[in-house]
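# Descriptive structure summary
Chain by chain, the residues run as shown.
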Amino acid sequence: MKAKKIFAEMNDQVKYELESAYLYLQMAAYFHEQGLDGMARWMRVQALEEQHHAMKFFDHLVDRGQPVTLQPLAIKATSWKSPREAFEAAYAHEQFISGRIHLLVEVANTEKDHAAMPMLHWFLNEQIEEEANTSKIAQQLRQAEKAGGALFMIDRELGTRSFTIPPEVTIVAGAGGAGA
Ligand SMILES: [Fe+2]
Ligand SMILES: [Fe+2]
């Protein structure tokens with residue numbers, strides 16, 4: 001039986017989602033350094049969400065009896081010139097991740113892996129949201145550069161973000177699989 005390419009791509013996707021978490025945690029540290037704790041909070045929440053994304057792929061592989069091989073994590077930048085640049089980098093990163101999800105859908109289609117489809121469709125929708133959020137904040141920060149004080153209003157607004165752990169997440173519960 002030939003090894004399915006879709007499983008290798010999903011295994012890689014665990015890494016990409018964890019790299020997203022790593023990147024956003026680095027951005028959180030950058031925002032704390034700038035005294036922008038609201039933006040830092042937004043990024044901390046985003047980093048949690050990315051861990052959740054990684055676990056979706058991790059659990060999918062486990063549930064289908066596939067091995068998971070974790071890979072080293074790397075991020076390209078550890079500092080940014082401005083909040084706007086950081087959010088523009090976040091937007092560019094999410095566009096890259098969307099490309100990855102589209103590739104996974106294509107591979108699953110080619111291999112007629114119908115079992116992967118519900119999860120991949122969830123990610124297609126999620127990426128629309130991720131791109132919309134980061135591009136909108138980047139846009140607001142571009143506007144804010146023209147208006148003094150606007151940066152701090154955006155910072156306050158982003159500081160209200162919270163994260164409720166979705167019920168299927170097994171990071172804490174520990175029992176593998178998506179559950180009943
Ligand atoms: Fe993600
Ligand atoms: Fe999201």
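Described below are features of the structure shown in this document. (Residues numbered from 1 in each chain as written. Chains lettered and ligands numbered in written order. Predicted model: local features only at pLDDT ≥ 70, side-chain atom pairs only at ≥ 80, totals over all residues. Heavy atoms only, no water.)

## Notes on the coordination of the iron ion (ligand 2)
What counts here: The rule for donors is simple: N, O or S, within 2.8 Å of the metal, or within 3.2 Å if the metal is Na, K or Ca. Water isn't counted, so a site may look like it is missing partners. Only runs of H or I of at least four residues qualify as helices and only runs of E of at least two qualify as strands under DSSP, and these elements are numbered from the N terminus.
Around the iron ion (ligand 2), the protein contributes the donor atoms Glu49 (OE), Glu126 (OE), Glu129 (OE) and Glu130 (OE), which lie 1.9 to 2.7 Å from the metal centre. On the primary sequence, the residues serving as donors to the iron ion (ligand 2) are separated as E-x76-E-x2-E-E. You can see Glu49 sitting in helix H2 (residues 37–63) and its partner Glu129 sitting in helix H4 (residues 117–144), a full 80 residues away along the chain.

## Regarding the coordination of the iron ion (ligand 1)
Heads up, the rule is: Burial classes follow relative accessibility: with a 1.4 Å probe on protein chains only, a residue under 20% of its type's maximum area counts as buried, one over 50% as exposed, and anything between as partly exposed.
Those donors, Glu17 (OE), Glu50 (OE) and His53 (ND1), are the protein atoms that reach the iron ion (ligand 1), and they lie 2.1 to 2.2 Å from it. Mapped onto the sequence, the residues coordinating the iron ion (ligand 1) show the spacing E-x32-E-x2-H. Here Glu17 is found in helix H1 (residues 5–33), whereas its partner Glu50 is found in helix H2, with 33 residues between them in sequence. Of the two residues, Glu17 and Glu50, neither departs from the other in class, the shared state being buried.

## Details of unusual backbone geometry
Even without a glycine there, the phi angle at Lys112 is positive, about 50 degrees. Its location among the elements puts Lys112 in the loop between helix H3 (83–110) and H4.

## A word on the environment of Met39
Using the following cut-off: Contacts are assigned to residue pairs with any non-hydrogen atoms lying within 4.5 Å of each other.
Along the chain, Met39 falls in helix H2. Look past the residues within four positions of Met39 in its chain and what remains in contact with it is Phe31, Pro83, Phe87, Leu141, Leu151, Ile154, Asp155 and Leu158.

## Quick look at the pattern of salt bridges
Should the charged atoms of two oppositely charged side chains come close, the side chains can pair. The criterion, for reference: By definition here, a salt bridge exists when the distance from a side-chain nitrogen of Lys or Arg to a carboxyl oxygen of Asp or Glu is within 4 Å.
Tallying each qualifying case throughout the model produces 8 salt bridges. Put simply, Glu88 and Arg84 hold a salt bridge, and the shortest N to O gap is 3.0 Å. Of this pair, Glu88 and Arg84 both sit in helix H3, 4 residues apart, roughly one helical turn. We classify Glu88 as partly exposed; its relative accessible area is 25%. Taking the relative accessible area as the measure of exposure, Arg84 reaches 22% and is therefore partly exposed. One salt bridge connects Glu145 with Arg84, and the closest N-O pair in it is separated by 2.7 Å. Of this pair, Glu145 sits in the loop between H4 and helix H5 (150–158) while Arg84 sits in helix H3, and the two are 61 residues apart along the sequence. Put simply, Arg84, Glu88, Arg142 and Glu145 are held in one network by salt bridges that share partners.

## Points about the nonpolar core
What counts is decided by this rule: In this description, a nonpolar core means a group of buried Ala, Val, Leu, Ile, Met, Phe, Trp, Tyr and Cys residues linked to one another through side-chain atoms lying within 4.5 Å.
One finds Tyr24, Met27, Phe31, Met39, Met43, Phe87 and Leu158 to be the most contacted residues of the largest nonpolar core, which totals 23 residues. When contributions to this core are tallied by element, the ones reaching two or more residues are H1, H2, H3, H4 and H5. Per-element accounting of this core gives the leading share, 6 residues, to H1. If we skip the residues at most four places from it in the chain, Phe31 touches Leu36, Met39, Ala40, Met43, Pro83, Ala86 and Phe87. Within the second largest apolar cluster, 19 residues are counted, among which are Ile6, Val14, Ile101 and Val107.

## A few points about the side chain of Arg100
Looking at the element boundaries, Arg100 is found in helix H3. Exposure remark for Arg100: the relative accessible area of 9% places this residue in the buried category. With sequence-adjacent residues up to four places away left out, Arg100 is seen in contact with Glu9, Asp12, Gln13 and Tyr16.

## A word on the packing of aromatic side chains
Stated precisely, the cut-off is as follows: What counts as a ring pair is set by centres within 6.5 Å for rings of Phe, Tyr and Trp (its six-membered ring), and what kind of pair is set by the plane angle: stacked under 30 degrees, edge-to-face over 60, tilted for all other angles. Consider the ring centre and the ring normal. A charge sits over the ring if Lys NZ or Arg CZ is within 6 Å of that centre and within 35 degrees of that normal.
This model, assessed by the stated rule, comprises 7 aromatic pairs. Between Tyr16 and Phe96 the ring centres are 5.4 Å apart and the planes differ by 75 degrees, which places this aromatic pair in the edge-to-face class. Of the two residues, Tyr16 is situated in helix H1 and Phe96 in helix H3; the sequence distance between them amounts to 80 residues. Classification of Phe96 by relative accessible area gives partly exposed; the value is 40%. Taking 4.9 Å as the distance between ring centres and 85 degrees as the angle between the ring planes, the aromatic pair formed by Trp122 and Phe123 counts as edge-to-face. According to the relative accessible area criterion, Trp122 is partly exposed, its value standing at 32%. Above the plane of the ring of Tyr16 lies Lys15, whose end atom (NZ or CZ) is 4.5 Å from the centre. A cation over a ring is seen here: Lys56 above Trp122, with NZ or CZ 4.1 Å from the ring centre.

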